Amino acid sequence: MEMYLFWKRNSLGGISISAEGMRSFVKNYLSKPYACDQISLSKGEDCLFVLITYPEGASSIDMEMTETRVKSKLESLGLNVRITWVQVEKGKFDGIPSLATLVKKPITWAVAGAAIFMLFFDGFWSLVRTVLLGAAFYFATVFFFSDKGERVIEKVKRKAGR
């Protein structure tokens, strides 16, 4: 369900802004590792409050440049802006869903069924080779979707002339 934030009212009616739309707009002007987690509007102060998270050890100069860029883009829309920075701790890798969530997905049961079928009809070593090949593709995919992988892809594209 989309949440709309009330902004102003005049003789023609009220103006509301999509909270998710504003977060998406702000995210366009943020570079990694910064993230916009929350946006709120204050009717009394006629101000948009933006909450941006940053990791431990982030550069204060980079944060200032990011804040200036985001603030200028939002102010060009006619909004008064206040940006709040919140530090997030580095946590463990959250890319793998929890076991309970994984068990509820149909793809999990499809893969398990295929593995059992392969074990009985094609043998143990065929299953091991398939699992190892699947793991190789998984880790290659994780790598290419990471920052380092994206840089490698860009280098390959440049060398290919694209």
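Located above this text is the structure these notes cover.
As the structure is a computational prediction, the values presented were derived from the model and not from experiment.

Student: Tell me about unusual backbone geometry, and please be specific about residues and values.
Tutor: With omega at 15 degrees, the peptide bond leading from Lys 32 into Pro 33 counts as cis. Mapped onto the elements, Pro 33 comes out in the loop between α1 (19-27) and β3 (35-42).

Student: Any details on the packing of α1 against helix α2 (residues 60-75)? Residues and values, ideally.
Tutor: Helix packing geometry: the angle between the two helix axes and the distance between the axes. Relative to each other, α1 and α2 sit at 130 degrees, their axes nearing to 10 Å. Between α1 and α2, the crossing angle belongs to the class labelled oblique. Where α1 crosses over α2, the two elements pack in a sense that is right-handed. Here α1 contributes Met 22, Phe 25 and Val 26 to the contact with α2, which in turn contributes Val 70, Lys 73 and Leu 74. Broken down by class, the residue content of the contact of α1 with α2 amounts to five nonpolar, no polar and one charged.

Student: How would you summarise the sheet that holds β3 if you had to cite specific residues and measurements?
Tutor: Strand order in the open sheet formed by three strands is β3-β4-β5, with mixed pairing between adjacent strands. Two strands in the sheet have a free side with no partner beyond their single neighbour: β3 and β5 (80-88). Averaged over all adjacent pairs, the angle separating strand axes in this sheet is 20 degrees, with direction ignored. When strand β4 (residues 47-55) meets β5, the two strands line up parallel, connected through nine bridges. Following the sheet pairing, Leu 48 is matched in β5 by Val 81. Together, β3 and β4 form the strand contacts of α1, whose direction differs from that of β3 by roughly 130 degrees.

Student: So, a positive patch on the surface: which residues are in play, and what are the values?
Tutor: Taken together, the side chains of Lys 148, Arg 151, Lys 155, Arg 158 and Lys 159 define a basic patch exposed on the protein surface. By the secondary structure assignment, Arg 151 is in helix α6 (residues 147-160). The partly exposed category is assigned to Arg 151, whose relative accessible area is 48%.

What counts, and at which threshold
Residues numbered from 1 in each chain as written. Predicted model: local features only at pLDDT ≥ 70, side-chain atom pairs only at ≥ 80, totals over all residues. Heavy atoms only, no water. Helix = DSSP H or I, 4+ residues; strand = E, 2+ residues; numbered from the N terminus. Axes fitted to C-alpha atoms, helices over the stretch in contact; angles between N-to-C directions. Parallel < 35°, antiparallel > 145°, perpendicular 65-115°, else oblique. Left-handed = near helix turned anticlockwise from the far one by under 90°. Contact = heavy atoms within 4.5 Å. Nonpolar A, V, L, I, M, F, W, Y, C, P; charged D, E, K, R; others polar. Pairing = 2+ DSSP bridges. Patch = residues over 30% accessible without salt bridge, like charges linked within 9 Å, V, L, I, M, F, W, Y side chains within 5 Å. Areas by Shrake-Rupley, 256 points an atom, 1.4 Å probe, with all protein chains shown as cover. Salt bridge = Lys/Arg side-chain N within 4 Å of Asp/Glu carboxyl O. Lys, Arg positive; Asp, Glu negative; His and termini not counted. Charge placed at Lys NZ, Arg CZ, Asp CG, Glu CD. Buried < 20%, exposed > 50% of the residue type's maximum accessible area, 1.4 Å probe, protein only.

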